[in-house]
Amino acid sequence: MTPPPDVNADASTEVKQPLPTDALIVVPMRNMVLFPEVVLPVTVGRSSSVAAIQQAVREQRQIMLVLQRDPQDNQPGPDGLYRVGTVANILRYVTSPEGGHHLVCQGVQRFRIDEFVEGYPFLLARGVHLVEPTAAGPEVEARFLVLRSQVGEVFDLLPQAPPELRQTVEATTSPGLMADLAATYLDSEPADKQGLLETVDLVPRLDRVSKLLAHRLEVLRLSAEIGKQTKASLDTRQREVLLREQMAAIQRELGEEGSNKQELADLDKAIGAAKMPAEVEAVARKELRRLQRTPEAAGEYSMIRTYLDILIELPWAPPQSKDIDLAEARRVLDGDHFGLEKIKQRIVEYLAVRKLAPEGKAPILCFVGPPGVGKTSLGQSIARAMGRKFARVSLGGAHDEAEIRGHRRTYIGAMPGNIIQAIRKAQARDCVMMLDEIDKMGSGIHGDPAAAMLEVLDPEQNSTFRDNYLDVPFDLSRVVFITTANMLETIPGPLRDRMEIISLSSYTAGEKLQIAKRYLVRRQLEANGLKPDQVEIEDAALSHIIEHYTREAGVRSLEREVGRVLRHIAVEVAEGSTGPKHVDVAMVEKILGPPRFENEVAMRSTVPGVATGLAWTPVGGDILFIEATRTPGSGRLVLTGQLGEVMRESAQAALSLVKSMATTLKIDAVNFEKSDIHVHVPAGATPKDGPSAGVAMFIALTSLLTGRTVRSDTAMTGEISLRGLVLPVGGIKEKVVAAASAGIKRVMLPARNKRDYDDIPEEVRKSLEFIWLERVDDAVMQGLQP
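Residues numbered from 1 in each chain as written. Predicted model: local features only at pLDDT ≥ 70, side-chain atom pairs only at ≥ 80, totals over all residues. Heavy atoms only, no water.

### Topic: the overall build of the chain
Link 1 in the chain: What the chain contains, in helices and strands, is 28 helices and 24 strands.
Link 2 in the chain: Taken over the C-alpha trace, the chain has a radius of gyration of 46 Å; the compact-globule value for 786 residues is 28 Å, which it surpasses by more than 25%.
Link 3 in the chain: Expressed as lengths along the three principal axes of its C-alpha atoms, the size of the chain is roughly 125 × 100 × 55 Å.
Link 4 in the chain: Here the chain holds 786 residues, and 45% of them are scored as buried.
Link 5 in the chain: A separation of at least 24 residues holds for 74% of the contacts in the chain among residues at least 6 apart in sequence.
Link 6 in the chain: Of the accessible surface of the chain, which amounts to about 39000 Å², a share of 51% is contributed by carbon and sulfur atoms.
Link 7 in the chain: The centroid of the 95 positive side-chain charges in the chain is displaced by 4 Å from the centroid of its 106 negative side-chain charges. (Helix = DSSP H or I, 4+ residues; strand = E, 2+ residues; numbered from the N terminus. Rg over C-alpha atoms; globule rule 2.2 N^0.38 Å. Buried < 20%, exposed > 50% of the residue type's maximum accessible area, 1.4 Å probe, protein only. Contact = heavy atoms within 4.5 Å. Areas by Shrake-Rupley, 256 points an atom, 1.4 Å probe, with all protein chains shown as cover. Lys, Arg positive; Asp, Glu negative; His and termini not counted. Charge placed at Lys NZ, Arg CZ, Asp CG, Glu CD.)

Here it is, written out as structure tokens:
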């Protein structure tokens, strides 16, 4: 080996002790792997590596380049190096004026280190030269062709690759050299390249290189596809810009430039007439200037124009104060709604406060009650009584915060939220806004609308409500917000805290009859094209419909059934029948068919083990039956009827209480040990839960084990304790009304629920006998037959 030119070795680093002839000088590499037959530039900086290179240049020796395991290790020892490297010739060694050391090396052969030689300022190693295999055959040839094809595709996807490199690869006929060349220029981790260097056998080496190339090819293909799409998008935009410039030039030639000047002038005039606050008007005029600079054909033109139209259409001017006539308000409420005296009184109080303090912060009213009891129509009546416009926003199923606050204008088709939309439609800043079904809002990945409602319903914050679409504050403090819900449990606590709850309970049969006579029949006569003198409906017929064809808290089903009867009459009138039509019970059954609901209490209570309980549901009260039976067994308690955890615990507590009172109740203890007790609550498809069936379960079990039947005219409710106390429960009014509707004559209630007695309608109080329970002994005495 002849000395390379431009050598500038430092004589001070010369090693005085001769180097072993069978050892190679080792130069550690941080992040580079050299393969045989490949020429690469190398830069060295560590003093030990510089000394090793200079000694090799002096003695015209080969060196071995080995990858170190940790690139951050500045002084790697034998343990920090891989055991396989590449023997290389130094083709050129140059030192730069800045003190850098650069050399060009050509790989010769793989080398495996067996041992390191100590006692020198740099690393020396002995080992074995790994001979390149010359295996041939179909397997090697097939892999070679695949690899060549992959390398060619890589060059096609990399137009910046040097032509000389492509020529070198295409001229290569050795499978091993092809694999090493591909591995050298492959963009992969040094550890992967080291693995390829250590793989001497051709077949596995070709497979590993091909696998790495396949991954790289997939990345290059995706990059090329993304590049094409980006270029196509840019080309489309450039084309649009060019076409717009051409269109503008054509309009100038035709004298049509500025054809929208009148439209822009009208917008400028409308902005001035809208009486916007100064801050909002500044934003509107800024957008108007943008609109003037934007071509009509641009997509942004319509977005700005829509935004300005919405700003102009909103009622920005402060509303004029209107006097509230309380006498007229009472007349409107009485004319629109029957009963609901406490609710009407609270509404009149609300209106009186608004009259005396129109600028005050009035509470947000929330009407809670079962469907069909008139919550929404109460809001309309309030609007009529106040002489204000009415707007309704349905929140049922809302699961996106943008439905309240609107979408930002960055989105195509963005619009304001439902609150601003309703005010825009009502054209009044002081409208009565009904937020319907506020308990049925949901939440999803787009946010929680209930959280957005916190600002809307807070009198301290809603004077500066900011819709995302408008992006300017809008004053909601003059809007009268009224909300409705069927249940409170699903309304978040912070939102519920901002509202005053007003409960509307179920209607009694008498109230339904009066509502039907005063409102429903008249409304259905108009809906079906009939006149009042053409149809006469008996009170008995309406009562028959209420008792035998509907079972609901409100009157919606009742109105539908009345409508069915009147439609039948309408057919006869349309066919030419003359004379007034008289509707009695017989005609109702002829038109509506057999009664759908019947009194099941007497039929179900004729055997021991059946008790009638009272339940509260979101749609009003209801009765339920507790059935208990006994079979031979080992003392198990079986519960069925889709009972919730609390109700199952009530059944267990009832059985434990019966066992503890077995002597008092004259029950043989053997009955518990040799029998299984099965408690079932019919309507198994309906989930049931709550503690209020404790008394009914206790009475059913006592009836079963004593053989005494439960009185068929008696229903009961109440939670029990293991001490035999009867504890208070909720929903007393709804439960008692349901008992009266079902034909019950006596109700047994917890004594501590006497506070709810005044809430029960007087008509229902007169039709029922009330028995107040302190302990379960009272229930046994009053509820079981002798």
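### With respect to the packing of helix H22 (residues 645-660) against helix H25 (residues 694-706)
Link 1 in the chain: Following both chains from N to C, one finds H22 and H25 inclined at 45 degrees, their axes separated by 9 Å at the closest point. Between H22 and H25, the angle is such that the two are oblique. Note on packing geometry: the crossing formed by H22 with H25 is right-handed. Facing Met647, Ser650, Ala651, Ala654, Leu655, Leu657 and Val658 of H22, the residues of H25 in contact are Gly694, Met697, Phe698, Leu701, Thr702 and Leu705. (Axes fitted to C-alpha atoms, helices over the stretch in contact; angles between N-to-C directions. Parallel < 35°, antiparallel > 145°, perpendicular 65-115°, else oblique. Left-handed = near helix turned anticlockwise from the far one by under 90°.)

### Topic: the nonpolar core
Link 1 in the chain: Core analysis: the biggest nonpolar cluster contains 67 residues, and Ile53, Ile63 and Leu103 have the highest contact counts within it.
Link 2 in the chain: In contact with leucine 103, other than residues within four places in its own chain, are Leu40, Pro41, Val42, Val44, Ile53, Ile63, Ile90, Arg92 and Tyr93.
Link 3 in the chain: Formed by 55 residues, the second largest nonpolar core is a distinct cluster that contains Ile310, Ala391, Cys431 and Ile438. (Core = buried A, V, L, I, M, F, W, Y, C linked by side-chain atoms within 4.5 Å.)

### Notes on the layout of surface pockets
Link 1 in the chain: In this structure, the largest pocket encloses a volume near 980 Å³.
Link 2 in the chain: Every residue lining the largest pocket is counted, 37 residues in all, and those nearest its centre are Ser503, Leu504, Ser505, Lys733 and Glu734.
Link 3 in the chain: Secondary structure elements with two or more residues in the lining of the largest pocket: helix H11 (341-356), strand S16 (610-617), helix H26 (732-741) and helix H27 (762-767). (1 Å grid on protein atoms, 1.4 Å probe; cavity = no way out; pocket = protein on both sides within 12 Å on 5 of 7 lines; lining within 4 Å. Points joined across faces, edges and corners; volume = space filled by probe spheres on them.)

### Focus: helix H7 (residues 261-273)
Link 1 in the chain: With 13 residues, H7 should cover 18 Å at 1.5 Å per step; its first-to-last C-alpha distance of 18 Å lies within 8% of that length.
Link 2 in the chain: Turning to H7, its buried residues are Leu264, Leu267 and Ile271. Viewed along the axis of H7, the buried residues span an arc of 55 degrees, placing them on a single side of the element. Summarising the geometry of H7, the exposed residues directed more than 90 degrees from the buried face are Lys261, Gln262, Lys269 and Ala273.
Link 3 in the chain: Looking at the packing, one finds that the buried side of H7 touches helix H8 (278-293) and helix H9 (299-313).
Link 4 in the chain: Where H7 terminates, the next one or two residues include lysine 275, which has phi positive at roughly 55 degrees. (Expected span 1.5 Å × (residues − 1). Arc of directions from axis to C-beta.)

### Points about empty space enclosed by the protein
To find leftover empty space, a probe the size of one water molecule is rolled over the atoms.
Link 1 in the chain: Applying the stated rule across the entire model yields two cavities of 30 Å³ or more.
Link 2 in the chain: Looking at the second largest cavity, the residues that line it are Met29, Met32, Val33, Leu34, Leu65, Val66, Leu67, Val84, Gly85, Gln194 and Leu197.
Link 3 in the chain: Within the residue set of the lining of the second largest cavity, elements represented by two or more residues are strand S3 (63-67), strand S4 (84-95) and helix H5 (190-198).
Link 4 in the chain: Considering every element that reaches the lining of the second largest cavity, the biggest residue donor is S3, with three residues.
Link 5 in the chain: Taken together, the residues that form the lining of the second largest cavity break down as nine nonpolar, two polar and no charged. (Nonpolar A, V, L, I, M, F, W, Y, C, P; charged D, E, K, R; others polar.)

### Looking at the environment of proline 595
Link 1 in the chain: Among the secondary structure elements, proline 595 is positioned in the loop between helix H20 (585-592) and helix H21 (601-604).
Link 2 in the chain: In this structure proline 595 comes out as partly exposed when scored by relative accessible area, which is 38%.
Link 3 in the chain: Leave out the neighbours within four places in its chain, and proline 595 touches His544, His548, Tyr549 and Glu589.

### With respect to the confidence of the model for the chain
Link 1 in the chain: The predicted model of the chain has a mean per-residue pLDDT of 83, with 94% of residues at 70 or higher.
Link 2 in the chain: Contacts of residues 1-12 to residues separated by more than four positions or lying in other chains number 25 contacts, the stretch itself having pLDDT below 50. (pLDDT = per-residue confidence, 0-100.)

### Observations concerning the pattern of salt bridges
Link 1 in the chain: Here the structure, examined in full by the defined rule, presents 38 salt bridges.
Link 2 in the chain: The partner of aspartate 458 in a salt bridge is arginine 498, with the nearest N and O atoms 3.3 Å apart. Taken as a pair, aspartate 458 in the loop between helix H15 (449-456) and strand S10 (465-466) and arginine 498 in the loop between helix H16 (493-496) and strand S13 (499-503) lie far apart in primary sequence, 40 residues in all.
Link 3 in the chain: Here aspartate 777 and arginine 775 are joined by a salt bridge, their closest N and O atoms 3.3 Å apart.
Link 4 in the chain: A cluster of three or more residues bridged by salt bridges with shared partners is formed by Arg110, Glu132, Asp180 and Arg205. (Salt bridge = Lys/Arg side-chain N within 4 Å of Asp/Glu carboxyl O.)

### Considerations on the packing of aromatic side chains
Link 1 in the chain: Using the criterion set out here, one finds five aromatic pairs in the structure.
Link 2 in the chain: On the basis of an interplanar angle of 65 degrees and a centroid distance of 5.0 Å, the ring pair of tryptophan 316 and phenylalanine 474 is categorised as edge-to-face. In this pair, tryptophan 316 sits in the loop between H9 and helix H10 (326-336) while phenylalanine 474 sits in strand S11 (residues 473-474), placing the two residues 158 residues apart along the sequence.
Link 3 in the chain: Classification of phenylalanine 474 as buried rests on a relative accessible area of 1%.
Link 4 in the chain: Ring centres of tyrosine 757 and phenylalanine 770 lie 5.2 Å apart, and the angle between their planes is 85 degrees; on these two criteria the pair is classed as edge-to-face. With tyrosine 757 in the loop between strand S23 (746-750) and H27 and phenylalanine 770 in strand S24 (residues 769-773), this residue pair connects regions lying 13 residues apart in the sequence.
Link 5 in the chain: Accessibility expressed as a relative area gives 16% for phenylalanine 770, which makes it buried.
Link 6 in the chain: Through a chain of ring-to-ring contacts, three or more aromatic side chains come together here, namely Tyr757, Phe770 and Trp772.
Link 7 in the chain: Positioned above the aromatic ring of tyrosine 82 is the side chain of arginine 69, whose terminal nitrogen or guanidinium carbon lies 4.5 Å from the ring centre. (Phe/Tyr/Trp six-rings, centres within 6.5 Å; stacked < 30°, edge-to-face > 60°. Lys NZ or Arg CZ within 6 Å of the ring centre and 35° of its normal.)

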